[in-house]
Amino acid sequence: MLDIKRIKEDLDAIKKAMARRGEKEFDLDEVVLLDDERKGLLKEVEVLKNKMNVDSKNIPNLMKEGYDIKEEKAKLKDLSEQIKVLDEKVRAVESELEYKLMRIPNVPNEEVPQGETDEDNVEVRKWGEPRSFDFENKAHWDIGTNLGILDFETGAKITGSRFTLYKGLGARLERALINFFLNTNVEEQGYTEAIPPFMANKNSFLGTGQLPKFEEDMFKVEGLDYYLIPTSEVPLTNIHANQIMPFEQLPINYTAYTPCFRSEAGSAGRDTRGLVRQHQFNKVEMVKIVAPEESYNELEKLTYNAEKLLQKLNLPYRVVKICTGDLGFTAAFKYDLEVWMPSYNRYVEISSCSNCEDFQARRAGIRFKRDKNSKTEYAHTLNGSGLAIGRSFAAILENYQQEDGTVVVPEVLRPYMGVDVIK
């Protein structure tokens, strides 16, 4: 959430930044007017409360002097009613102000390239060479079905479309990827592993920015104020919601495996075959909570940590800088890692590494103090750097497939798999 003080002090600059995003769903001038109205009402309340305080303290003196205080009590009651009415107006204005502030996206960093769609994203670097085949290569959904390790029909029968049943060595490969990613993050990259709840409450989703704007993309638990998480970014970031941490505790690095659930509203017809766009998918996430002056250095570390996983799997990928039109709601700056998928003949997003600056921290109340005498500051949050396990699975099938229909297991996964080839 943007600081209303920042909006008012840099209104023209914020307007220009939102124009870069192409955002037109809110009125910044209206937000400013609401805050002015709120402040005006609070001043009125303060004046009336001061008067009520003075007049009520004077009543004992009047009684001592023998005055009839009925009229004074009636005036106090009237003041009390006026204050009550104004307090209700303040609550209504504050609620409307919060509603509108919650729907304003983050301000893009000046280094975010201008653009409208993912086609305008800017390639930063590539790693590895896409494989060339001397046989007719297949898509991962055909490879997995032929090997009997992916069953899309049974997944659809059990639940519905975009749910998949993994079997045999397919289930083992999925589990191997999860363990390999977690172990690398913890043992080599300095993250603390967590197992968070797979549901979170409304306040947690408000804190990380999925609510209220993206409610249609989530699965809500009927009868409860809970939602299934779309990424472990939600519970991991909210570990420190409404906390004030000592500066020495920063940076905080978490990693977690969770299943993730997304309705993919509005994505009809896009990548519907295979594992690329599922309603339920597994993911290993990395989240950082850091001091503001270190957040962009930490973003580079975060991106490198995600790249290292793909390098160890020997999967060709590229890093792209996300343009303004493709930038996520909470992000001030974002890199995407895109893995090479032979069936698509293009790179496909497998990881996003975002710096949200203080946007989520303001919503969730994540703060720190440099020392006991310093003022409280909002931390910066970085997230989304995990790798989607299903997309990693798909990339391995397609990049490691053999002419005889088998799939070679990447060397780093063999200790987890117990086999060298899936056949």
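Residues numbered from 1 in each chain as written. Predicted model: local features only at pLDDT ≥ 70, side-chain atom pairs only at ≥ 80, totals over all residues. Heavy atoms only, no water.

The name an unreviewed UniProt entry assigns to the protein is Serine--tRNA ligase, from the organism Romboutsia lituseburensis DSM 797. On record in UniProt, under Subunit (unreviewed entry), the comment for the protein is "Homodimer. The tRNA molecule binds across the dimer." You can read under Function (unreviewed entry) in the UniProt record for the protein the words "Catalyzes the attachment of serine to tRNA(Ser). Is also able to aminoacylate tRNA(Sec) with serine, to form the misacylated tRNA L-seryl-tRNA(Sec), which will be further converted into selenocysteinyl-tRNA(Sec)." (UniProt positions renumbered as here; feature names shortened; annotations may be inferred.)

(A) Structural detail: the overall build of the protein. Assigned secondary structure in the protein consists of 13 helices and 18 strands. When the backbone C-alpha atoms are referred to their principal axes, the protein occupies close to 105 × 45 × 40 Å. Taking the contacts inside the protein whose residues are at least 6 apart along the sequence as the reference set, 73% of them involve residues at least 24 apart. Looking at the protein as shown, the accessible area adds up to about 20,900 Å², and 47% of this sits on carbon and sulfur atoms. (Helix = DSSP H or I, 4+ residues; strand = E, 2+ residues; numbered from the N terminus. Contact = heavy atoms within 4.5 Å. Areas by Shrake-Rupley, 256 points an atom, 1.4 Å probe, with all protein chains shown as cover.)

(B) Quick peek at the UniProt feature "binding site: ATP" (unreviewed entry) in the protein. Residues given the UniProt feature "binding site: ATP" (unreviewed entry) here are Arg 262, Ser 263, Glu 264, Glu 349, Ile 350, Ser 351 and Ser 352. By secondary structure assignment, the location of Ser 263 is in the loop between β8 (252-261) and β9 (280-290). By relative accessible area, which is 18% here, Ser 263 ends up buried. If sequence neighbours within four positions are ignored, Ser 263 has contacts with Glu 216, Asp 217, Met 218, Phe 219 and His 279. Polar side-chain contacts of Ser 263 include one of 2.7 Å to the backbone oxygen of Glu 216. (Buried < 20%, exposed > 50% of the residue type's maximum accessible area, 1.4 Å probe, protein only. Polar contact = N/O pair within 3.5 Å; in protein donor to acceptor, adjacent residues only side chain to side chain.)

(C) Focus on the domain arrangement of the protein. With domains assigned, the protein is organised as domain 1 (4-102) and domain 2 (118-422). Spacing between the C-alpha centres of domain 1 and domain 2 amounts to 44 Å. Counting residues at the interface gives 4 residues for domain 1 and 10 residues for domain 2. Here domain 1 meets domain 2 over a buried area of about 710 Å², counting both sides, of which 44% is carbon and sulfur. Interface area lost by domain 1 to domain 2 is led by Arg 20, Arg 21 and Met 102, which between them contribute 80%. Where domain 1 touches domain 2, the interface holds 0 salt bridges. The tally of links from domain 1 across to domain 2 stands at 5 residue pairs in polar contact (both at pLDDT 80 or more). (Domains from an automatic or database assignment. Buried area = accessible area lost by both parts, 1.4 Å probe. Salt bridge = Lys/Arg side-chain N within 4 Å of Asp/Glu carboxyl O.)

(D) Broad picture of the pairing of strand β11 (residues 333-341). Judged by how many residues are buried, β11 sits mostly within the fold: 9 of 9 residues are covered. Both faces of β11 are covered, namely the face carrying Phe 333, Tyr 335, Leu 337, Val 339 and Met 341 and the face carrying Lys 334, Asp 336, Glu 338 and Trp 340. By the bridge criterion, 5 bridges tie strand β10 (residues 317-321) to β11 in an arrangement that is antiparallel. Bridge pairing in β11 places Val 319 opposite Leu 337. Pairing of β11 with strand β12 (residues 346-355), which is carried by 9 bridges, proceeds in the antiparallel orientation. Within β12, the residue paired with Met 341 across the bridge is Arg 346. (Pairing = 2+ DSSP bridges.)

(E) Structural view of helix α7 (residues 169-187). Taking 1.5 Å per residue, 19 residues should reach 27 Å; α7 reaches 26 Å between its end C-alpha atoms and fits that length. Of all the residues in α7, the buried ones are Leu 169, Gly 170, Leu 173, Glu 174, Ala 176, Leu 177, Ile 178, Phe 180, Phe 181, Leu 182, Thr 184 and Asn 185. (Expected span 1.5 Å × (residues − 1).)

(F) A nonpolar patch on the surface, seen in detail. There is a patch of nonpolar side chains on the surface, built from Met 199, Leu 224 and Tyr 226 and spanning about 270 Å² of accessible area. With respect to the helices and strands, Met 199 occurs in strand β5 (residues 199-201). (Patch = residues over 30% accessible without salt bridge, like charges linked within 9 Å, V, L, I, M, F, W, Y side chains within 5 Å.)

(G) Up close: unusual backbone geometry. A cis geometry characterises the amide bond from Leu 211 onward to Pro 212, with omega recorded as 5°. Each neighbour pair has its own omega, and for Leu 250 with Pro 251 the value is -5°, a cis peptide bond. Of note, Asn 242 is a non-glycine position whose phi angle comes to about 55°, a positive value. Position of Asn 242 relative to the elements: it lies in the loop between α9 (233-237) and β7 (243-246). Located in the positive-phi region is Asn 345, a residue other than glycine, with phi close to 55°. Mapped onto the elements of the fold, Asn 345 is located in the loop between β11 and β12.

(H) Representation of the environment of Thr 117 within the structure. Its location among the elements puts Thr 117 in the loop between α4 (70-101) and β1 (122-127). Thr 117 gets classed as partly exposed once you look at its relative accessible area, which sits at 38%. Once the C-alpha coordinates of Thr 117 and Ala 331 are considered, the two residues, 214 residues apart in sequence, prove to be 16 Å apart. For Thr 117, the residues in contact, after removing those within four places along its chain, are Cys 323 and Asp 326.

(I) Representation of the nonpolar core in the model. Residues Leu 173, Leu 177, Phe 181, Ile 396, Leu 413 and Ile 422 are the most contacted members of the largest nonpolar core, which totals 57 residues. Sorting the residues of this core by element identifies α5 (140-147), α7, β9, α10 (295-312), β10, β11, β12 and α12 (389-399) as the ones contributing at least two each. The greatest single-element share of this core, amounting to 8 residues, is contributed by α7. Judged by nonpolar contacts, the second largest core, of 32 residues, contains Leu 2, Leu 76, Leu 86 and Val 93. (Core = buried A, V, L, I, M, F, W, Y, C linked by side-chain atoms within 4.5 Å.)

(J) Broad picture of the pattern of salt bridges. According to the stated counting rule, one finds 22 salt bridges in the structure shown. Arg 362 serves as the salt-bridge partner of Asp 3, at 3.6 Å between the closest nitrogen and oxygen. Residue Asp 3 is found in the segment before α1 (4-9), and its partner Arg 362 is found in helix α11 (residues 359-364); the two are separated by 359 residues along the sequence. On the basis of relative accessibility, which here comes to 23%, the residue Arg 362 falls in the partly exposed class. In this structure, Arg 391 and Glu 349 form a salt bridge, with 3.6 Å as the shortest nitrogen-oxygen distance. Highlighted residues: Arg 391 in helix α12 and Glu 349 in strand β12, separated in sequence by 42 residues. Of the residues examined, Glu 349 reaches a relative accessible area of 30% and is grouped as partly exposed. It is possible to trace a salt-bridge network through shared partners that takes in Lys 8, Asp 35, Asp 36, Arg 38 and Lys 39.

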